[in-house]
Amino acid sequence: MTPLPRHQSIFFLIMRRLRAPLILLISIIAISVLGLTLSPGVDADGRVHYLSFFHAFYFISYTATTIGFGEILYDFSDQQRLWVTICIYLSVVGWAYTVGTVFSLLSDRSLRQAVQTQRFMRAVRRLREPFFLVCGYGETGRLICSALDRLGQRAVVVEMDENKVGEVDLHGYAADVPALAADASNPETLRFAGLTSPHCVGVIALTNDDSANLAIAIAARLLAPRLPALCRAESAETAANMASFGTRHIINPFEKFGDYLGLALQSPPAWQLLAWLTGLPGTTVEHHREPPRGKWILCGHGRFGRVMVQALDRKEVPLTIIDRHPPDDVDHRWVQGDGTGAPALNAAGVKDAVGIVAGTSSDVDNLSIAVTARELNRELFIVLRQNHYSNHALFDAFDADFNMVPSEIIAHECLAILTTPLLVPFLEEMKQRDEEWCNWLLKRLTGRFGWDVPTVWSERINLSRTPALYRRLMAGEDITLDALLRSPHNRNEYLACEAVYMERDDDDHLIMPRGETVVRAGDELLLVGRRAARSDLALCLANEHALTYVLTGEDLPGGWIWEKLAGRRKARVHRRLPG
Amino acid sequence: MNLEKVIFGFFIVLAATLNFGFFIGDIDNPSHHDIYELFAAIVVSLIATVLKFGDRTQIGAVHLSTSLVADLQLIAAAMVWGYAAHIAPAGLTPDMTAKIVSLSGGALLANFISVVILIAETIMQRR
């Protein structure tokens, strides 16, 4: 770990390097000027005449800077010409040396990095809105950044590879994404990137190195304990280590996918719902075939394969493993060989299997397994592991039933956790419910909003977020969800959103709260719906006039004069009331 | 012994002595003040300034600032001289000479502070 160059030192570094050329230039000009004042010339009358310092300096200035005037008081004598010739060559040497030093300084790697670091720090310091610190700009980082950008959230990127940092600029985000090429496991780097900034709202560690992710988790825990840290961990030991440091969210893509597949086998609607709710914004979720129950085949018993075996075992699915090496456990039928060829697949009983998992670490092998297997058995449910996001086109063309892309899984998970913390308890709750309920909810939500990934957000009822509603609630009004979720443009229409989860102050929560539920101060709502509904609702909750219109149908006057007039009219009405 | 320190001390002291040599004499008598001495003082002072570039210590910063002050005053004096000798109709009058010499006197004070700092730094050195 080399400490990053201190940003203050750039100016001094330049000055220090330029010391020698500057002294040389001063000396050369001084000698030239001095020599010129000392060498005798003749004036128009033939008398001996010496150039004054003023004239000598003037002459040397235009000679040394190669401007090349021809204007002097009198014609030079030969002595003067001799000296000037020397001066010209001296000055050329001086300039060449100075310019060479400046260029070598500009192309100096450490200086360039120092300048970049300083520019990055300035950009981060100037961020005056909440931002996420993304460490690692690989496939996942790219997905996260573009999703955050689409959601209107700012991001700061730290990445080791300079080429990838260059890609950040090329990507064309709507908002400027400051990026630094540095080692994110260095706490100093994280501090430069705004870990301790009051505007930082989360740290996402997505480097492909488990130990670096662990280092980031530790730094985040110690330097900014209140920040949520999301870390990727591919080995169980790292995950355990992170957990011991109090990292709140640890994402293991393989395990996550195992969970997904388990959920899909157990309750397809719940899985569909999950995919729909946690999709990347701006995409459409495809309606998948439900994974059948029956015999399954697993190709590749590596890290991913092992997790898949566990997930399938949990659902008590009979399983045959195809691998070149025997698996550690002997509970499963094992076929030695390569899944890419028909013999091994036939030996594993592909004809009467219902599903296959192509889970080797090679994308080409996985595709080859899938193609061969589908030829042997048309009806086969195919789970395909895609290691590299760049192979997207190939995997899209094949049209597997279930595509496992680690980077996408991590991205979905991170976004769901970061942007709507309430989504996690809701999904947990949903997984506990029975299939019928999930099916009902899925039909209801997708029937209303379609299969495009919806906007999912949460809204807390408090003074700062929802001042208008809060004041009304404090005044003792009973406001139901049904009355609240209406359009501020026409209160007879409902907003295109639905409250799916409600967390109350007293540790109580409601899943799919009914319309007649009364909103209380301190409640937090999880809402699913269209993007426009979000801003409309925010307007209602914050703006007194909009809220009054939505609740009562009354259009409050806007300006000060109209308010006064309306107040007087209202006072008159009150006076007329009996008592 | 450090060659860098020797050169540094040499230029600072030389700047101060040259400046002093120019300054000494009747304030308004041009024949007491040699233009070559002023020129040498400017050149040495400029080199002394550049030598202080890039020093990040507190004392280095003070050195640099006093040196910049000296440069400023000396260059101002040279410019007044140039104006008096070439542009002003009356030429180098005692009046003008007094202006030049008083400007160089200011530079002398700055150079003197530089020398004091140099001495203080040397005394503080515990090796």
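What you see is a predicted model, and the numbers here were worked out from it, not measured in a lab. (Residues numbered from 1 in each chain as written. Chains lettered and ligands numbered in written order. Predicted model: local features only at pLDDT ≥ 70, side-chain atom pairs only at ≥ 80, totals over all residues. Heavy atoms only, no water.)

Engineer: Before we go on, may I ask you to explain the interface of chain A and chain B in this structure?
Structural biologist: In many reports, interface size means the accessible area that the parts give up when they come together. Contact with chain A, which involves 18 residues of that partner, is made by 15 residues of chain B. Taking both partners together, chain A and chain B bury about 1,700 Å²; carbon and sulfur atoms supply 78% of that area. The largest per-residue losses of area from chain A upon contact with chain B belong to Arg19(A), Ile26(A) and Phe53(A), which jointly make up 35% of the total buried on that side. Between the two partners, chain A and chain B, sit zero salt bridges. Among the secondary structure elements, those contributing two or more residues to the side of chain A that touches chain B are helix H1 (9-17), helix H2 (19-38) and helix H3 (53-64) of chain A. Among the elements that make up the side of chain A that touches chain B, the one with the highest residue count is H2(A) (ten residues). (Contact = heavy atoms within 4.5 Å. Buried area = accessible area lost by both parts, 1.4 Å probe. Salt bridge = Lys/Arg side-chain N within 4 Å of Asp/Glu carboxyl O. Helix = DSSP H or I, 4+ residues; strand = E, 2+ residues; numbered from the N terminus.)

Engineer: What is the right way to look at the packing of helix H12 (residues 268-277) of chain A against helix H19 (residues 435-449) of chain A in this model?
Structural biologist: Any two packed helices are characterised by the angle at which their axes cross and by the distance between the axes. Residues and elements named next belong to chain A. Where H12 contacts H19, the two axes come as close as 8 Å, and the packing angle between them is 40°. Between H12 and H19 lies a crossing whose hand is left-handed. For the pair H12 and H19, the contacting residues are Pro268, Pro269, Ala270, Gln272, Leu273 and Trp276 in the first and Glu435, Cys438, Asn439, Leu441, Leu442, Leu445, Thr446 and Phe449 in the second. (Axes fitted to C-alpha atoms, helices over the stretch in contact; angles between N-to-C directions. Left-handed = near helix turned anticlockwise from the far one by under 90°.)

Engineer: Would you mind showing me how to read a positive patch on the surface here?
Structural biologist: Together, Arg119(A), Arg122(A), Arg125(A) and Arg126(A) line one region of the surface with positive charge. For Arg119(A), the position within the fold is in helix H5 (residues 109-126). (Patch = residues over 30% accessible without salt bridge, like charges linked within 9 Å, V, L, I, M, F, W, Y side chains within 5 Å. Areas by Shrake-Rupley, 256 points an atom, 1.4 Å probe, with all protein chains shown as cover. Lys, Arg positive; Asp, Glu negative; His and termini not counted. Charge placed at Lys NZ, Arg CZ, Asp CG, Glu CD.)

Engineer: Would you take a moment to explain the UniProt feature "transmembrane region" (unreviewed entry) in chain A for this structure?
Structural biologist: Residue and element names in this part refer to chain A. As annotated in UniProt, the feature "transmembrane region" (unreviewed entry) corresponds to residues 20-38, 50-70 and 82-106 in the numbering used here. The straight-line gap between the two end C-alpha atoms of residues 20-38 is 27 Å; of that span, 100% is helix and 0% is strand. For the annotated span residues 82-106, helix accounts for 100% and strand for 0% of the residues, and the straight-line distance between the end C-alpha atoms is 37 Å. (UniProt positions renumbered as here; feature names shortened; annotations may be inferred.)

Engineer: I keep staring at a negative patch on the surface and nothing clicks. Help me out?
Structural biologist: Residue and element names in this part refer to chain A. A cluster of acidic side chains, namely Glu503, Asp505, Asp506, Asp507 and Asp508, defines a negative patch on the protein surface. Relative to the helices and strands, Asp506 is located in the loop between strand E16 (497-503) and strand E17 (509-511). Judged by relative accessible area, which is 53%, Asp506 ranks as exposed. (Buried < 20%, exposed > 50% of the residue type's maximum accessible area, 1.4 Å probe, protein only.)

Engineer: How do you make sense of the environment of Ala373(A) when you look at a structure like this?
Structural biologist: All names here are of chain A. Relative to the helices and strands, Ala373 is located in helix H15 (residues 363-376). Judged by relative accessible area, Ala373 falls into the buried class, the value being 0%. As for Ala373 and Ala358, which are separated by 15 residues in sequence, their C-alpha atoms are 9.6 Å apart. For Ala373, the contacting residues outside a window of four places in its chain are Leu345, Val350, Ile356 and Leu380.

Engineer: I'm lost on the sheet that holds strand E5 (residues 179-181) of chain A in this one. Help?
Structural biologist: Within a beta sheet, neighbouring strands are joined by backbone hydrogen bonds and run either parallel or antiparallel to one another. Residues and elements named next belong to chain A. The parallel open sheet is built from six strands, whose spatial order is E5-E4-E3-E6-E7-E8. Unpaired on one side and paired on the other, E5 and strand E8 (249-251) mark the two borders of the sheet. Direction aside, neighbouring strands of the sheet carry axes that sit 15° apart on average. Taken together, the three bridges between strand E7 (residues 229-232) and E8 define a ladder with parallel strand orientation. Across the sheet, the residue bridging to Arg232 is Ile251, located in E8. Packing against the sheet, helix H7 (residues 162-171) makes contact with strand E4 (154-159) and E5, and its axis sits at approximately 165° to E5. (Pairing = 2+ DSSP bridges.)

Engineer: Looking at this structure, I do not really get the sheet that holds strand E11 (residues 333-336) of chain A. What am I missing?
Structural biologist: Residue and element names in this part refer to chain A. Spatially, E11-E10-E9-E12-E13-E14 is the arrangement adopted by the six strands of the open sheet, whose pairing is parallel. Taken across any chain shown, the strands that pair with only one partner, and hence form the sheet edges, are E11 and strand E14 (402-404). Adjacent strand axes in the sheet meet at a mean angle of 15° when their direction is disregarded. Direction of pairing for strand E12 (residues 355-358) relative to strand E13 (residues 381-385): parallel, over a ladder of four bridges. Across the sheet, Gly355 pairs through a bridge with Phe381, a residue of E13.

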